[in-house]
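Fold and contact review
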Protein chains: 2
Amino acid sequence: MEWKTRITEMFDCKYPILEGAYAGFGNWEFAAACAEAGVHGLITASTSRTPEQLSEDIRSCRKATSGSFGVNLSFGICPRIDEMLEVCIEEKVPVETAVYRPDSLAPRIKESGLKWIHKTARVKDSLHAEELGADAVIVVGVEGVGFKNPEQLPTFMNVTWGAPQFKVPFVAAGGIGDARGLLGALAMGADGIMMGTAFMATKECPTNEASKQDMVSSSPDNPRLRWRVMSHASPKDYAEVMRKRGNLPLNEWLPMLERVQPSAGDWEGDPNVPEPSRVGSLAVGAIKSVPTVKEFIDNMIREAEELAEKWEWINGR
Amino acid sequence: MEWKTRITEMFDCKYPILEGAYAGFGNWEFAAACAEAGVHGLITASTSRTPEQLSEDIRSCRKATSGSFGVNLSFGICPRIDEMLEVCIEEKVPVETAVYRPDSLAPRIKESGLKWIHKTARVKDSLHAEELGADAVIVVGVEGVGFKNPEQLPTFMNVTWGAPQFKVPFVAAGGIGDARGLLGALAMGADGIMMGTAFMATKECPTNEASKQDMVSSSPDNPRLRWRVMSHASPKDYAEVMRKRGNLPLNEWLPMLERVQPSAGDWEGDPNVPEPSRVGSLAVGAIKSVPTVKEFIDNMIREAEELAEKWEWINGR
């Protein structure tokens, strides 16, 4: 089966799947492993730390794989973001901007002609990025990890309601980690999926073995996990922090925003409920083992093709 | 395209779609309109109020349509539920039990040989119903309306993670209201979908025109709507009410549970955010007009077939 979508065409990758960004450990080796497996890999620029190192990392990645990869530039997290962008322009790698308004980088990206995908937590923010000229957008559902806000919708809503609003290719994210999620997102109208958590439970992911095993044994219906992932700050607390946004530098304001988010430890339910995985999104439900990235993707694609083969409702046409 | 799934086979209906239950207005005329449109209709027994009236309503519905329909029996809402079940047995109509543990009715339903589908808010509760002998199960995602609990997962998770755990046919619900939702749910492994909100914005629905127009103009990203639908009681408040469950009659305890749920009015964000629709789930995103039930279903199926026709990723096989 040929997994051709506007995303595979845009990035020239085999499958309509993107690796997520990982502040602190999204290094080039991991991106190369993803690219080798047929997905669009992603070097997280903040992991490279400096523009000089990013330049080296891009070159190392390019030597290691002929597959498709790009660089993540997350506002408020990535240091020296303008210089990081210049490195991407020089090296001609697609960029993924993320989290907050991409307005400041947009003109330079467009002028450079780089492929540009922007990731947000709300459909309206991604529509704004499309207006600024983004070539594709990603909207992360509340099932995912990172930048929660009290208006974030679940992945199912982002795809059914949100995706048709975009002219550019749309990538679904948030709790997606298996063949069914891939099929569902595409069937609802996404051009691809982005996975963060699911890739973390692979041999190549440069995190510790304990957190990988934690994810294997955790389940999305653990109420403490559900609480950590899906609960949001009270709209009042959130609004208070948002009011300070313009008056504080991003690196002071962002940690303040993070502090109003609930954590698993804030859960005041039954004390007998076991501790959930401390990392990962609701996609932990898809994690049963710790394969290599290639094994993970090969299995996922094989399962997706087997499932699609059995769809009486569509194959009967 | 033939929409054959285990659900269309079980209920002998044209499309793998079920009408939701509506306490107070889910009458036989509305169920008949749904059945006529090719979906499995549902008479809400609490709307008929008495077993005698339910018996009459089933007969009226049967005269009005040769389509497929059943009866909803919601624990804690439906009066004289055992007698209501006896009527269903006598009239040989499939039953949908809902909300709380179906243990008390299960032996009688099984003995009668009726087709039985049970609806819950959590995968684990539906697995319990399967053990009791349910022929099919429905799990409602947090995007839907009714019986929220702090462990409820989004629809996407219920289908990707939950559906494969069931041996019996699985029906996805919660925020589903259009062709994309139908395709997505089936692609992820559901055997069918249930829609509540989306059917409310049809001409035949016996509610007021104002609430239908409210849903047309509302949007799932209205933060007050999102708050009403998706926020849950604090696990502490919820646990306190749950502790009283065994010591109070259901009709005293259930309203207590409902009172700990947030409402749109509890939203303490920006006062300039417009009032959302007071009824309906996040499926309001799919509602653009108020067609007849038949128009609604015909359009939805036509759109689904047109979308599937364009799937390069699957048609290229």
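Each chain carries its own residue numbering, running from 1 in the written order of its sequence. Think of it this way: whatever chain is written first is A, whatever ligand is written first is 1, and the rest follow in order. Owing to the predicted nature of the model, reporting of local features is limited to residues with pLDDT of at least 70; listing and counting of side-chain atom pairs is limited to 80 or more, with chain, interface and lining totals taken over all residues. For side-chain calculations, the full set of non-hydrogen atoms in the structure is used, while hydrogens and water are omitted.

1. Structural notes on unusual backbone geometry
Despite not being glycine, Lys92 of chain A shows a phi value in the positive range, around 55°. Locating Lys92 of chain A in the fold gives a position in the loop between helix 5 (81-91) and strand 4 (95-98). Owing to a relative accessible area of 66%, Lys92 of chain A belongs among the exposed residues under this scheme. Unlike most non-glycine residues, Asp12 of chain B shows phi in positive territory, near 55°. Secondary structure follows DSSP: runs of H or I at least 4 residues long count as helices, runs of E at least 2 residues long count as strands, and numbering of each begins at the N terminus. Following the sequence through the fold, Asp12 of chain B ends up in the loop between helix 1 (6-11) and strand 1 (17-19). Its relative accessible area of 67% is what places Asp12 of chain B among the exposed residues. Using a 1.4 Å probe on the protein chains alone, a residue whose accessible area is under 20% of its type maximum counts as buried, one over 50% counts as exposed, and one in between counts as partly exposed.

2. Re the packing of aromatic side chains
All names here are of chain A. Here a pair means two rings of Phe, Tyr or Trp (six-membered ring of Trp) with centres within 6.5 Å. Their orientation is stacked below 30 degrees between planes, edge-to-face above 60, and tilted elsewhere. Per the counting criterion, the structure on display carries eight aromatic pairs over all chains. Here the aromatic rings of Phe166 and Phe170 are separated by 5.5 Å at their centres, their planes lie at 20°, and the arrangement is stacked. The pair formed by Phe166 and Phe170 is uniform in burial state, with each residue classed as buried. Ring plane angle 85° and centroid distance 5.5 Å describe the contact between Phe199 and Phe296, whose orientation is recorded as edge-to-face. With Phe199 in helix 10 (residues 197-200) and Phe296 in helix 15 (residues 293-309), the pair connects residues that are 97 residues apart, well separated along the chain. For Phe199, a relative accessible area of 0% puts it in the buried group. Here the aromatic cluster, defined as three or more aromatic residues joined through ring pairs, consists of Tyr22, Phe25 and Phe30.

3. Observations concerning the sheet that holds strand 1 of chain B
All names here are of chain B. Strands pair, by our definition, only if DSSP identifies at least two bridges between them. The eight strands lie next to each other as 1-8-7-6-5-4-3-2, forming an open sheet whose pairing is parallel. The open sheet has two edge strands, strand 1 and strand 2 (41-44), and neither has a second partner. On average, adjacent strands in this sheet sit at an angle of 25° to one another, irrespective of strand direction. As defined by bridge partners, strand 1 adjoins strand 8 (residues 192-195) across three bridges and the pair is classed as parallel. In the strand pairing of strand 8, Ile17 is matched with Ile193. Strands in contact with helix 4 (residues 51-64) are strand 2 and strand 3 (69-74); relative to strand 3, the strand with the most contacts, it is inclined by about 155°. Together, strand 1, strand 7 (170-173) and strand 8 form the strand contacts of helix 9 (residues 179-188), whose direction differs from that of strand 8 by roughly 140°. As a rule, the C-alpha atoms of each element are fitted with a line to give its axis, helices using only the stretch in contact, and angles between N-to-C directions run from 0 to 180 degrees. Should any heavy atoms of two residues lie within 4.5 Å, those residues are counted as being in contact.

4. Overview of the domain arrangement of chain A
Where the parts come together, the accessible area they lose is often given as the size of the interface. Residue and element names in this part refer to chain A. The start and end points of each domain follow an automatic or database-based domain assignment. Here chain A is described as being made up of domain 1 (6-212 + 279-307) and domain 2 (226-266). If you look at the interface, domain 1 gives 15 residues, while domain 2 gives 14 residues. Overall, the association of domain 1 and domain 2 removes approximately 1,200 Å² of surface from exposure, summing both partners, and the carbon and sulfur fraction of that is 66%. Salt bridge, as used here: a side-chain nitrogen of Lys or Arg that lies within 4 Å of a carboxyl oxygen of Asp or Glu. Where domain 1 packs against domain 2, one counts zero salt bridges. A 3.5 Å cut-off defines polar contacts: any pair of N or O atoms within that distance qualifies, except that in protein one atom must be a possible hydrogen donor and the other a possible acceptor, and neighbouring residues in sequence count only when both atoms are side-chain atoms. Put simply, domain 1 and domain 2 have two residue pairs in polar contact (both at pLDDT 80 or more) between them. Among the residues making up the side of domain 1 that touches domain 2, the classes are represented as seven nonpolar, five polar and three charged. Throughout, buried area stands for the accessible area (probe radius 1.4 Å) lost by two parts on being put together, summed over both. Basically, the charged four are Asp, Glu, Lys and Arg, the nonpolar ten are Ala, Val, Leu, Ile, Met, Phe, Trp, Tyr, Cys and Pro, and anything else, Gly included, counts as polar.

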